Amino acid sequence: MIFIPIEFMFSAQMLFLFIHVVRNDDTANKNRPFLILILLSAVQSFLLGLRWGYDVEATSYIVPILATLVPALVYAGVLNVVERDRWPMAPRLAVHYLPTVLVIGLTFVWREAVDIVVVVTFLSYAVVILRLLLPGTDALGITPLDGADSTYRAIFFAALSLLSFALLDTILFLSFMWKHVEYVPSVILFANFAALVMLGLAATLASNSRSAPETPQQPRRIEEEEELSGSATIVRIEELMNEGKVYRDANLNLERLARKALIPSRQISQAINRSAGMNVSQYVNGYRIAEACDLLQATRRSVTDIMFDVGFQTKSNFNREFRRVTGMTPQAWRNKYTPGCDGAEAASNPSCAPQ
């Protein structure tokens, strides 16, 4: 009977995940670092299968080198949904590839230090990513507000996966140092199941919650951003919502809202948090749900059409936010507040039919 290491199965799952993400993402604005991350996870799992399934010792030199690329890819993918990266390409590459170059050098002169570098690299990037998330979903300045919550959870999940990689690599290092190699296969199996699957899931969510490309425009001096009081900021934002209906823009994000209001994004976030007790995504979605309620009650249009008109892109986000604001589903709202939907004639009323 042919022996197939379980790591090969994880590798195949990562490849299927990559194909699924690419096939379901037909736009040019892909989060490429996360897509590369899925492929790298597949390669790593395959190499671990060769090492522990077929005793291919040479893979032990390659796996740590590839491992140092994982945190940099996660961080690059996170930046794609957090902020526009304004650093030149060359300095960024030099910084992020430094651990990889260091591990390559240590592989030939000081193998024992390789694991230490890998652990420190994973921990460092995890801390940096978690610090980026401190403001909550408002940290995702260029992510459409419709998908900010799911993207935030995906990024947090990715940071946890980096921490788990660091913990597991530490356990492996101690197992070899204390000559308890009998635990190594179990640790490797758990590492595949926990870390690689978490990275793959986080990559899928973040790839599906990318930011929309910006329309080229003339650069605006920082002096043009007005410093307003919290109440004045809220008044300006309410004008944009009530009169400009900017919430209908499905690609609306915090940066785009700041440009429309001529107010720094951080100031908008702070004003909404203090006055409304919620983040910007919840605040904007509140306006979307309010108009959706009016349309559900006053028209016979389908729930899906209304969802798109008020600025939502996915039904799952729309249903979740609708339930958060109203405590019920969109169809339940229509049935309750549309005349004729709460009595015997509801079955014959087209407005009450599920959409």
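Before any of the text, the structure's been laid out above.
As the structure is a computational prediction, the values presented were derived from the model and not from experiment. (Residues numbered from 1 in each chain as written. Predicted model: local features only at pLDDT ≥ 70, side-chain atom pairs only at ≥ 80, totals over all residues. Heavy atoms only, no water.)

Observations regarding the overall build of the chain
Of the regular secondary structure elements, the chain holds 16 helices and zero strands. Here the chain holds 355 residues, and the buried ones make up 47% of them. The contacts in the chain between residues at least 6 apart in sequence include a share of 71% that link residues at least 24 apart. Summing over all exposed atoms, the chain offers an accessible surface of approximately 18300 Å²; the carbon and sulfur share of this is 64%. (Helix = DSSP H or I, 4+ residues; strand = E, 2+ residues; numbered from the N terminus. Buried < 20%, exposed > 50% of the residue type's maximum accessible area, 1.4 Å probe, protein only. Contact = heavy atoms within 4.5 Å. Areas by Shrake-Rupley, 256 points an atom, 1.4 Å probe, with all protein chains shown as cover.)

Side note on the nonpolar core
In terms of nonpolar packing, the biggest core is built from 37 residues, with Val70, Val74, Val78, Phe122, Ile129, Ile155 and Leu162 touching the most fellow members. Secondary structure elements with two or more residues in this core: α2 (32-54), α3 (59-67), α4 (69-82), α6 (98-109), α7 (114-132) and α8 (148-177). Counting residues in each nonpolar core, the second largest holds 20 residues, with Ala261, Ile263, Tyr283 and Val284 among its members. (Core = buried A, V, L, I, M, F, W, Y, C linked by side-chain atoms within 4.5 Å.)

Some remarks on unusual backbone geometry
For Asp55, which is not glycine, the phi dihedral falls at a positive 55°. Along the chain, Asp55 turns up in the loop between α2 and α3. Looking at Asp55, the relative accessible area reads 61%, which means it is exposed. Its identity is not glycine, yet Leu262 carries a phi of approximately 55°, on the positive side. You can see Leu262 is positioned in the loop between α11 (254-261) and α12 (265-276). Leu262 sits in the partly exposed class, given a relative accessible area of 31%.

Observations concerning the pattern of salt bridges
Scanning the model with the defined rule gives six salt bridges in all. The shortest N-O distance in the salt bridge between Arg320 and Glu321 comes to 3.9 Å. Taken together, the salt bridges that share partners define one network made up of Arg320, Glu321 and Arg324. (Salt bridge = Lys/Arg side-chain N within 4 Å of Asp/Glu carboxyl O.)

Examining the packing of aromatic side chains
A full pass over the atoms with the stated rule returns 10 aromatic pairs. Each ring, one from Phe8 and one from Phe46, has its centre 4.8 Å from the other, and the planes form 20°; the classification is stacked. Pair noted here: Phe8 is in helix α1 (residues 6-23) and Phe46 is in helix α2, with a separation of 38 residues, a long-range link. Take Phe46: its relative accessible area is 40%, and that puts it in the partly exposed class. The ring of Tyr61 has Arg111 sitting right over it, with the charged end atom 4.4 Å from the ring centre. We note Arg288 situated over the ring of Phe312; from NZ or CZ to the ring centre the distance is 5.6 Å. (Phe/Tyr/Trp six-rings, centres within 6.5 Å; stacked < 30°, edge-to-face > 60°. Lys NZ or Arg CZ within 6 Å of the ring centre and 35° of its normal.)

Considering a nonpolar patch on the surface
A cluster of nonpolar side chains, Ile104, Phe108, Val109 and Trp110, forms an exposed patch at the surface whose accessible area comes to about 510 Å². Note on placement: Phe108 falls in helix α6. (Patch = residues over 30% accessible without salt bridge, like charges linked within 9 Å, V, L, I, M, F, W, Y side chains within 5 Å.)

Remarks on α7
The end-to-end C-alpha separation of α7 is 28 Å, in line with the 27 Å expected for 19 residues at 1.5 Å each. Those residues of α7 that fall on the buried side of the exposure criterion are Val114, Val117, Val118, Val119, Thr121, Phe122, Tyr125, Ala126 and Ile129. (Expected span 1.5 Å × (residues − 1).)

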